[in-house]
Amino acid sequence: MPSARTVYFTGPRGLDVRVEGVSEPGPNEVLVRAEVSAVSPGSELLVYRGDAPTELATDTTIDALSGTLDFPLRYGYATAGRVVAIGRNVSDDWLDESVFAFHPHASHFLAPPDDLVPIPADYSPEEAVFLPNVETAVNFVLDGTPRIGEQVVVFGQGVVGLLTTALLADCPLSDLVTLDRYPTRRELAGELGADRCLDATGDALEEIDAVLSRPETPAGADLTYELSGNPDALDDAVAATGYDGRVLVGSWYGEKRADLNLGGAFHRSRIDIENTQVSTLDPELRGRWDAARRLDVAWRRLADIDTGRLVTHRVPVEDAPEAYRLLDERPDEAVTVLLTYE
């Protein structure tokens, strides 16, 4: 059996790639050889930097992510590969199947077939690894319920922010305004359908007001998403939202705290602030929606997005520490970083 090259987070900004033995598949397991995995510049960077709460469960919905976020740990949740061996109770149809897995970064791993998602023939492995982020964006749109003619603002144009922008661009909005500090991401937001892409390092609130100002429309955004990962942006997101508007917080701040001014205009504005996160569906939707339906929608929306333009770097898994340093230290250069397995 082959050896696995597995990425371990060993401490703040500490990363090892360890070579480990892999056993033969059990009766109800398959062996997957990874081809590519995507590094999340949001949650994975929080863990990498040591900003995630170590007592928190790694994930409550993904079997491959057990334990807590305490070091050392394996992490990651977007791997595409091929089944190269099967257990005796597994159907032969799985052998050589191209699959997606919510699994930490590793060149080889065992998994029960129920934990794998067959990749449709029309998708490449590099496209398939965007599935979790597209599913997250779908969840954000479901939770935000953007309405025809609304003015929507999105703070943060990382991978999830850009994909959310792409989905919102298909809605019949009046205005779709995005903000980010990096020119490359602002350019991508425009290509994906944003009407205006503002520099988050400038006077963002003044610029948002100028863009959204219409005589016949109430002041402020109807719907604002905070997806930057920066807790300081949440105060601006609230301030950019008009009377009776909605703020959805999709960022995970980890141990970082958000300082909010709730004593001024917010006090009389009836603004709703709600978190949105992909591990659960809005209870109001659960009569007709479940995770399987949402995942199906994510696959179909993924087909409409040119994810190739979001990939800025491909790094061999052996050089994984460089991939994380790149995202951590040079975010102006990196949007999506993929780990490759030869």
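In this report, we go over the structure that sits alongside the text. A quick note: this is a predicted structure, and the numbers were derived from the prediction, not measured.

Rules and cut-offs
- Residues numbered from 1 in each chain as written.
- Predicted model: local features only at pLDDT ≥ 70, side-chain atom pairs only at ≥ 80, totals over all residues.
- Heavy atoms only, no water.
- Pairing = 2+ DSSP bridges.
- Helix = DSSP H or I, 4+ residues; strand = E, 2+ residues; numbered from the N terminus.
- Axes fitted to C-alpha atoms, helices over the stretch in contact; angles between N-to-C directions.
- Contact = heavy atoms within 4.5 Å.
- Salt bridge = Lys/Arg side-chain N within 4 Å of Asp/Glu carboxyl O.
- Buried < 20%, exposed > 50% of the residue type's maximum accessible area, 1.4 Å probe, protein only.

Description of the sheet that holds strand S10 (residues 196–199)
Strands sit in the order S10-S9-S8-S11-S12-S13 across an open sheet of 6 strands; the sheet is parallel. Two strands in the sheet have a free side with no partner beyond their single neighbour: S10 and strand S13 (272–275). The mean angle between the axes of side-by-side strands here comes to 20 degrees, regardless of whether they run parallel or antiparallel. The pairing of strand S8 (residues 151–155) with strand S11 (residues 221–226) spans 4 bridges and is classified as parallel. Counted as the bridge partner of Val 154 is Tyr 225 from S11. Across the sheet, helix H7 (residues 232–239) lies against S8, S11, strand S12 (241–249) and S13, angled at about 150 degrees from S12, the strand it touches most.

Looking at the side chain of Thr 136
Along the chain, the position of Thr 136 falls in helix H3 (residues 131–144). If we skip the residues at most four places from it in the chain, Thr 136 touches Val 160 and Val 278.

With respect to the pattern of salt bridges
Following the criterion strictly, the structure yields 19 salt bridges and no others. In this structure, the salt-bridge partner of Arg 294 is Glu 135, at a minimum N-O distance of 3.1 Å. Residue Arg 294 is found in helix H8 (residues 291–302), and its partner Glu 135 is found in helix H3; the two are separated by 159 residues along the sequence. We note that Arg 294, like Glu 135, is buried. The partner of Arg 300 in a salt bridge is Asp 296, with the nearest N and O atoms 3.2 Å apart. Taken together, the residues span about one helical turn, with Arg 300 and Asp 296 both in helix H8 at a distance of 4 residues. With relative accessibility at 49%, the residue Arg 300 sits in the partly exposed group. The class of Asp 296 is partly exposed, set by a relative accessible area of 39%. Among the charged side chains, a network of salt bridges with common partners joins Arg 13, Arg 49 and Asp 328.

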